[in-house]
Structures are given as structure tokens and as C-alpha cells.
Amino acid sequence: MAGMLDGKSALVTGAGSGIGRATALAFAREGAWVAVADLTLDAAQRTLGAVEAAGGQGVAIACDVTDDAAVAAMVAAAVNAFGGLDCAFNNAGIAPYQVNATGVATADIEEAAWLRILDVNLNGVWRCLRHEVAQMRKQGGGAIVNTASVGGLVGLRGSSAYAVSKHAVLGLTKTAAIDHAADNIRVNAVCPGYIETPMTEESMRRAGERILGRVPMGRLGQPGEIAEAVVWMCSDRASFVTGAGWTVDGGYTAV
Ligand SMILES: NC(=O)c1ccc[n+]([C@@H]2O[C@H](COP(=O)([O-])OP(=O)(O)OC[C@H]3O[C@@H](n4cnc5c(N)ncnc54)[C@H](O)[C@@H]3O)[C@@H](O)[C@H]2O)c1
């Protein structure tokens, strides 16, 4: 049976863990070659090992999305390996606990923590997008998906910088979709609800009952449930979909 991404090449950032790892595996399952990128080569190689064990093919790349030269080199490495870049999933991100800002109210966040979250979650997506668009323009088109969040749609108590970064990712997605439609590049976002990954371990320990109480489906999502939406938005089946944010949240924002 034909895969949804047969013969295409794809890049995933934050692919060493959670949603990025599951999406790299789903891309490969659907027939794409996958450039698996993460902060450390070790993390990227572990996911590439899983891709290869499942019969897929790809390359592992170390890249910090806060470093523009590293992002340029990451896109160049993917293009060198596959001869082009058809799909990109800009997914690397951090949560407040990673900058010691768990539960800190908006007015009390340290400036360094605020700037760090925005630099990874927003500027990192923009850096990736601009290098990907440069390549996709040369080859005549492509599809990009950015990871936003339900925190890009509603406020999140004690997670101000995170929610701001994800709202901004949606603004970036919509505007890039408008700007680059004429380049035959589609740009969309996925808005995950609470998903079972290392990122949510700490919030679940702290407030698991309250969080699940707000999810109509009463459970965390699985990383693979986000990957399915990303694969579809990157595929030709989504040929008229651009500038969209697809919420996959078990009903969290329907309440
Ligand atoms: N898990 C959730 O509930 C949830 C909900 C909504 C949105 N998201 C978003 O999904 C994305 C993936 O999150 P996850 O839950 O899989 O988390 P995760 O912590 O399991 O994975 C995030 C990955 O991003 C990488 N990363 C962090 N900083 C980086 C940097 N500067 N450069 C390159 N890579 C970097 C990490 O090394 C890690 O492998 C994030 O953007 C996150 O904000 C997650």
C-alpha cells in the first residue's frame, strides 16, 4: 500500500523525544526519508535507530534552534542527504519548568526565563522556517508544520511566556502561509493539548488530577496522536490547507 509521503524528504526538530520522535517515526512509516534533529546528536541518533529498526531511512543531526548558523547547517545537511526538502516539522520547544518558572505569575517571571522561552519556542521556529522556505522556494514548493499548543489558543495559568510563545507561533504560521502561498509552500500548525511526554511529567506530578479533570476525554494524549495530524498536513491530501491551526486536545479547548 502506498504511503502518504512516499518519496518525500522530511525534517523534524526536537525529534529526540516525545511528539518529535513519534512524528519522525510516522513520517518514515508513510514513506518519507527523515532528517532527525535534536540538541544532542545522541538523542537524534536514538530516534534514527528506532526509525531504521522500523524499516525507515534518514540522518541524525545535532542542532540548537537558538543558533541561526546551526539551523542553516541543519537544513543544508538534510538537503545534502536527500537532494531536497519537501516537509518540515518545527517542533523543538521548552516548558516553564526548564527555566525554573513553573507556576510563576505573569508579573513575576524573571526576564532571562521569559527571553529563553521565547527564543526557543518562537524565534527557533522562525529561524527554522526561514531556512526551510529558502530551500523550498528553490525547488518549487513544500509543506511546513509548526508546533503551537492549546496554550496558543487560551491562557495558561502560571505559564505566561509559554502561552505567549505559542500564540505567536500561530501568528507566525498564518502570516507565513499568506506570504509564501505564491511560493507553493503551505504553512500550518498543530495545537496539542496535554500529551504524555517528558515535558508534561512535572505538571502531571504537580496537578495531574486538575489537568485531567479539564479534559473531556479524561486522559492525556499520546505523541502518536499528534503525529497523525502532522503527517496529514504535510501530505498532498492537505493540498488546500494552509494557515490553519489544528487542535488535537481531547476536547480541552471545547469546554
Ligand atoms: N507535551 C505536551 O503536552 C505538549 C502540549 C502542547 C505543545 N507541546 C509542544 O510540543 C513540542 C514537543 O514537546 P514534547 O512534549 O515532545 O517535549 P519533549 O521535552 O519530550 O521534547 C522536546 C524536544 O525538544 C528538544 N529541544 C529543546 N530545546 C531545544 C533547542 N534549543 N534546540 C533544539 N531542540 C531542542 C529537546 O531536546 C527535546 O528532545 C514542544 O514545542 C512543546 O511546547 C507539547
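Scroll up to find the structure this text is about.
Residues numbered from 1 in each chain as written. Predicted model: local features only at pLDDT ≥ 70, side-chain atom pairs only at ≥ 80, totals over all residues. Heavy atoms only, no water.

Q: Hey, could you go over the pairing of strand β1 (residues 9-12) for me, with residue numbers and the actual values?
A: Successive residues of a regular strand alternate their side chains across the two faces of the sheet. Along β1, one buried face is formed by S9 and L11 and the opposite face, lined by A10 and V12, is buried too. Note: β1 against strand β2 (residues 33-38), four bridges, orientation parallel. Note that in β2 the partner of L11 across the bridge is A35. Since β1 and β2 lie parallel, the crossover through helix α1 (residues 18-29) that links them has a hand, and here it is right-handed. (Buried < 20%, exposed > 50% of the residue type's maximum accessible area, 1.4 Å probe, protein only. Helix = DSSP H or I, 4+ residues; strand = E, 2+ residues; numbered from the N terminus. Pairing = 2+ DSSP bridges. Right-handed = clockwise from strand over helix to strand, strands pointing away.)

Q: A description of the sheet that holds β2 should follow, citing residues and the corresponding values.
A: Spatially, the seven strands line up as an open sheet ordered β3-β2-β1-β4-β5-β6-β7, and their pairing is parallel. With one partner strand each, in any of the chains shown, β3 (58-62) and β7 (245-248) form the two edges of the open sheet. On average, each strand axis in the sheet is tilted by 15° relative to the strand beside it, whichever way the strands run. Judged from the four bridges that link them, strand β4 (residues 87-90) and strand β5 (residues 142-147) form a sheet pairing that is parallel. Across the sheet, the residue bridging to C87 is A143, located in β5. Packed onto the sheet, helix α3 (residues 68-82) meets β1, β2 and β3 and runs at close to 160° relative to β3. Against the sheet, helix α4 (residues 111-139) makes contact with β1, β4, β5 and β6 (185-192), and its axis sits at roughly 175° relative to β5, the strand it touches most. (Axes fitted to C-alpha atoms, helices over the stretch in contact; angles between N-to-C directions. Contact = heavy atoms within 4.5 Å.)

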